[in-house]
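Structural features, examined
For reference, the chains in residue letters:
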Amino acid sequence: MSASSESTQGHAAHSLKPYAYVFTALLVLTALTVSLSYVDVGAVLGRLVGGTWGHGANIVAGLIVAVLKASLVVWIFMHQDHEEGANRFILGFSVALMALAFLALSTDFVWLGTYTHRVAGMLVAGN
Amino acid sequence: MSEAKIERVADFYHPEPTDFFRKYVWSYDHKVIAKQYLWTSFIFLILGGTLAMLLRWQIAYPNAPVPVLGSLLHGMFFFGADGSITPGGYLELATMHGLIMVFFVIIPLIVSAFGNFLIPLHIGARDVAFPLLNAVSYWLYLPAGLLIFASFFVDKGAAAAGWTAYPPLSDAAGASDPVLGMNMVLFALFLAGFSSILGGLNFLVTIVKLRAPGMTWSRLPLTTWAQFITAVFQVLATPMLAAVGAMLLFDRIAGTSFFIPTGLTINSELVANAGGGFPLLWQHIFWFYAHPAVYILILPSMGFASDILSAFSRKPVFGYRAMVISLASIMGLGFVVWGHHMFLSGMNPVMGMAFMISTVFIALPSGVKVFNWLGTLWGGSIRLQPPMLYALSFVSMFIVGGLSGIFMAASPVDIYIHDTYYIIAHFHYVVFGATLFSVFAATTYWFPKMFGREMNRKLSYLHWGLTFLFFNLAFFPMHFLGEAGHMRRLATSTGYEFLNPLAPWNEFITLSAFALGMSQLLFMYNFIYSVFAGKPAETNPWEASTLEWTIPNPVPVYNFKELPVVTRGPHEYSSPDTLPGDWLPQNAPANPSASAGH
Amino acid sequence: MSDQQHHAELAPSFHAERRNLRAMGMWLFLGSEVMFFTAFFGAYIVARSASIEPINHPLDKVLGALNTVVLITSSLTMALAVAYSKRGDRKKTGLALLGTLALAAMFLVVKGFEYHAHFAEGVYPSSDIFHGFYFMLTGFHGLHVIGGMISLSILWYRNRRGDFDEHYCDPIEMTGLYWHFVDLVWIFLFPALYLL
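Residues numbered from 1 in each chain as written. Chains lettered and ligands numbered in written order. Predicted model: local features only at pLDDT ≥ 70, side-chain atom pairs only at ≥ 80, totals over all residues.

Some words on the overall build of chain B
In terms of regular secondary structure, chain B is built from 16 helices and four strands. In terms of C-alpha radius of gyration, chain B reaches 24 Å, essentially the compact-globule figure of 25 Å for 598 residues. Counting the 598 residues in chain B, one finds 54% classified as buried. Contacts spanning at least 24 positions in sequence make up 77% of the contacts within chain B whose residues lie at least 6 apart. (Helix = DSSP H or I, 4+ residues; strand = E, 2+ residues; numbered from the N terminus. Rg over C-alpha atoms; globule rule 2.2 N^0.38 Å. Buried ≥ 20, exposed ≤ 12 C-beta atoms within 10 Å, placed from the backbone. Contact = placed C-beta atoms within 7 Å.)

As for the overall build of chain C
A count of helical and extended segments in chain C gives six helices and zero strands. Going from the N terminus to the C terminus, chain C shows its helices and strands as α-α-α-α-α-α. Long-range pairs, those at least 24 residues apart, make up 81% of the contacts in chain C between residues at least 6 apart in sequence.

Some details on the interface of chain A and chain C
Taken together, the contacts link 42 residues of chain A with 43 residues of chain C. For the side of chain A that touches chain C, the secondary-structure elements that each account for two or more residues are α2 (17–36), α4 (56–77) and α5 (85–124) of chain A. Counted by class, the side of chain A that touches chain C contains 26 nonpolar, 15 polar and one charged residues. (Nonpolar A, V, L, I, M, F, W, Y, C, P; charged D, E, K, R; others polar.)

Here we look at the interface of chain C and chain B
On the chain B side, the residues contacting the 32 residues of chain C number 35 residues. Among the elements that take part in the side of chain C that touches chain B, helix α2 (residues 12–50) of chain C stands out by supplying 21 residues, more than any other. Residue composition of the side of chain C that touches chain B, by class: 18 nonpolar, nine polar and five charged.

Here's the deal with the environment of F407(B)
Residue and element names in this part refer to chain B. Assignment of secondary structure puts F407 in helix α11 (residues 386–409). The class of F407 is partly exposed, set by 16 C-beta atoms lying within 10 Å. For F407 and V360, which are 47 residues apart along the polypeptide, the C-alpha to C-alpha distance reads 9.3 Å. Discounting chain neighbours no more than four positions away, the residues touching F407 are V413 and I417.

As for the packing of α2(C) against helix α5 (residues 129–161) of chain C
Packed helices, taken two at a time, are described by the angle between their axes plus the distance between the axes. Residue and element names in this part refer to chain C. At their nearest, the axes of α2 and α5 sit 11 Å apart, and the two run at 165° to each other. The pairing of α2 with α5 is recorded here as roughly antiparallel in orientation. Judged by the sense of rotation from one axis to the other, the crossing of α2 with α5 is left-handed. Residues F40, Y44 and A47 of α2 form the contact with α5, whose participating residues are I129, F133, M136, L137 and F140. Class assignment of the residues belonging to the contact of α2 with α5 gives a composition of eight nonpolar, no polar and no charged. (Axes fitted to C-alpha atoms, helices over the stretch in contact; angles between N-to-C directions. Parallel < 35°, antiparallel > 145°, perpendicular 65-115°, else oblique. Left-handed = near helix turned anticlockwise from the far one by under 90°.)

Observations concerning the confidence of the model for chain C
In this model, chain C carries a mean pLDDT of 92, and residues with pLDDT of at least 70 account for 96%. The ipTM value of the predicted complex is 0.93, and its pTM value is 0.94. (pLDDT = per-residue confidence, 0-100.)

Digging into the packing of α11(B) against helix α14 (residues 457–475) of chain B
All names here are of chain B. Relative to each other, α11 and α14 sit at 15°, their axes nearing to 9 Å. For the element pair α11 / α14, the angle class is roughly parallel. Both α11 and α14 take part in a crossing whose hand is left-handed. Contacts from P386, L389, Y390 and S393 in α11 reach R457, S460, Y461, W464 and F468 in α14.

Some remarks on the confidence of the model for chain B
On average, residues of chain B score 94 in pLDDT, and 98% of them are at 70 or above. Put simply, strand β2 (residues 269–270) of chain B is where chain B has its lowest mean pLDDT, 84, and α14(B) is where it has its highest, 98.

Comments concerning helix α5 (residues 131–150) of chain B
Between its terminal C-alpha atoms α5(B) stretches 29 Å, which fits the 28 Å expected from 20 residues at 1.5 Å a residue. Inspection of α5(B) places P131(B), N134(B), S137(B), Y138(B), L140(B), Y141(B), A144(B), G145(B) and I148(B) among the buried residues, and these make up the whole buried set. (Expected span 1.5 Å × (residues − 1).)

Quick notes on unusual backbone geometry
Residue and element names in this part refer to chain B. Residues P167 and P168 are joined by a peptide bond in cis, for which omega reads 0°. Relative to the elements of secondary structure, P168 occurs in the loop between α5 and α6 (179–209). Of the consecutive residues L579 and P580, the connecting peptide bond is found in the cis state with omega at 5°. Mapped onto the elements of the fold, P580 is located in the segment after β4 (535–536). The phi dihedral of N267 falls on the positive side, at around 55°, and the residue is not glycine. Following the sequence through the fold, N267 ends up in the loop between β1 (265–266) and β2.

Regarding the environment of I308(B)
Residues and elements named next belong to chain B. Examined against the element boundaries, I308 turns out to sit in helix α8 (residues 279–313). In this structure, the C-alpha to C-alpha distance between I308 and W282, residues 26 residues apart in sequence, is 40 Å. Those residues in contact with I308, other than ones at most four positions away along the chain, are P387, M388, A391, A441 and Y445.

Describing the environment of A242(B)
Residue placement: A242(B) occurs in helix α7 (residues 222–253). Between the alpha carbons of A242(B) and Y289(B) there is a distance of 9.3 Å; along the sequence they are 47 residues apart. With near-sequence residues (within four places) excluded, A242(B) lies in contact with F190(B), G193(B), F194(B) and F36(C).

Quick notes on α4(A)
Counted at 1.5 Å a residue, the expected span for α4(A) with its 22 residues is 32 Å, and the 31 Å between its end C-alpha atoms agrees. Where α4(A) is concerned, the buried positions are N58(A), A61(A), G62(A), A66(A), K69(A), L72(A), V73(A), V74(A) and F77(A). The inward-facing, buried residues of α4(A) contact α2 and α3 (41–49) of chain A together with α3 (61–87) and α6 (170–195) of chain C. H79(A) lies just past α4(A) and shows a positive phi near 60°.

Here it is in structure tokens:
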């Protein structure tokens, strides 16, 4: 019961300003992610820091922005800043499981894709 | 209710309803809901067992007409015109036997029935956290069960692609595809899964939030700890099944191709779907759920066994903390071993190696538990009453099933024994030998508390003896069959010359299985008779220490007149405090000289 | 016993404690929803990773961005509804709930428009693997929006009836958590399907 006292009883003092800030930030981040989708992030990074970056750079950039937006929603709108540890753990554990599933699936299927590609290439080459 | 306002959630309970409908049909009382699950699951157990008997007939006497049922139902369901079982019918039998046993018998029994009855009593609460949600869970499960049952009656029958429903067999509509039946089954699983998720959620909040004063985490009965860990699997793994089942349903109904590769042909005809999908995808997502599901099938029964072994050895469980850590390890590891079902699927071999390592690791906590059960028995004052006999069988058969599991964990071995009778032997030892025996243990043990009467002991001993004998006669030889290469889901083994020498074994197993099935009539009779006309039971016939034994039979709707204050662990047996008796209840006063227990 | 009678017997401490139980229950439910969408997103990642040729078809980014703004705003109004109900301000709570409902409806209208445009061109879930995922993902998300709208409507009605006060408003708070989750799913859906 302890940590969540702020969000349990009614009390007048809870300010609404954080909501306005988060809302604005979310809109800005949305505009950012849409704009980035028109840009070849890989090429820009190549000019800034050198090296070659493929389309993957756009995907990573998009994901970073999405995670930022999600964090704002979870922390402020969903009051995770006041929630008890158990509820934070529930969310954290679920997200960790999600990451595990994505990791396993992408590992296997990137391998499958490249494997198929290599085999297909070998067949075409007349082996 | 009194004039004073109710201050705490723990004090609240729904008053006892007076009309039949609210008392027995739409009830918020966890004890009533538990019994609803119990009866429904036992009925499905009869159905699932009958399907198995039919399977065994076909295996032992391929294409011979089934006596009685075959002549009655020839041409219908899985029977051919002459009353024998058709090859497609055999696959339907195998599929539905598996689905019904897993989703409509074992999980509802050990989790929903016994979990519902015991969890609030074990933690000293008046009900679960969300009683309305609890009722909803049952009323999602029952329609799901009815839908599964109905799927037998539609054109082309029920699902027939194995309980694992691998595409493309489960997916693309070939001529023999049970179009409607499979869709009904998928939808039923969706409902049952949702019921399971809500139930697990309920149990988790109950155990975290509604423990009585003094009921710390280290004083929980191991039954409760096991239910807690199981509930985590239920809440987090089951949604994957719902999602992947929905994708399969979409492939079948909406023509999508999540699991259908481009260029797939069935009977040399190109499939209508656009393609671009991956059958392997189904396997990954399905087993991501289904492996935790098999832990759902075993963990609660480990909990029952721990508490029952302790009570009938008059000793605390050996290594309580190790038992809890093992449960938690199984939970953590249980999410990262699913690939051991897929060693032959064509997945990335490096992942195969990773899964082999994690699977071998998960044997360790189970091994710890086995040694701790043995340690509990060692030096104990053993009372060989029926619950104890069943619990001992649980341990011995879990050892057999667990050992065979270690062989499969090694992918080089699994390459050979995958999809053979070795696998069937393994999971029947753990799900029947271990879990179902622990269900018998739990039923005979908690029957007095649930129904206020005793089950007939002599009948229980007889049932135990016959079941133990015939179970081992039926399933142990399957290890040898598997090693010899006998495949599973095989309608007629006579088509393979190398299997012909094994035919006598198949017949032997079938006859043992029939005897096993017949023996269950003893339990059925004992259970039903005792519910209505059994000898009235005393409050604590087993002299056990957990909280449910401190309240009268039948348990009143509010469970505890005053919420107990817990001062001891769950296995207060044979400690100096208990003298001159050998046990104390968990809420006995902390000062030992103030009350000696009996 | 009616809701008001039942409510009158429960002390504020009861409501506070029950709110915590319900919050944990809702977070567990959201955890299960995370896993539910994990399967779909995971499958989509698979389809993108394993295909040698790209599988994406272009979607209307403008409409997608518009819907993103709509949902984000609905999250704001939802958060406001929760905050106002905690202050006991029945009128503002009702307005905020109504705003959330209206924005949710707008989301569905835009989505409906997009679906219609697809169907008019003869593009269906069965047309190719990308559209299979598009309709599956947005379809389930849309179902969750509809579920949220049903809940919001009930809340609006109950609020008007005077069921809630500053001690007892957890149905609004719990629906709020659910609604923000629906927004969260879209925050990932939008780039995954429309932008990347």
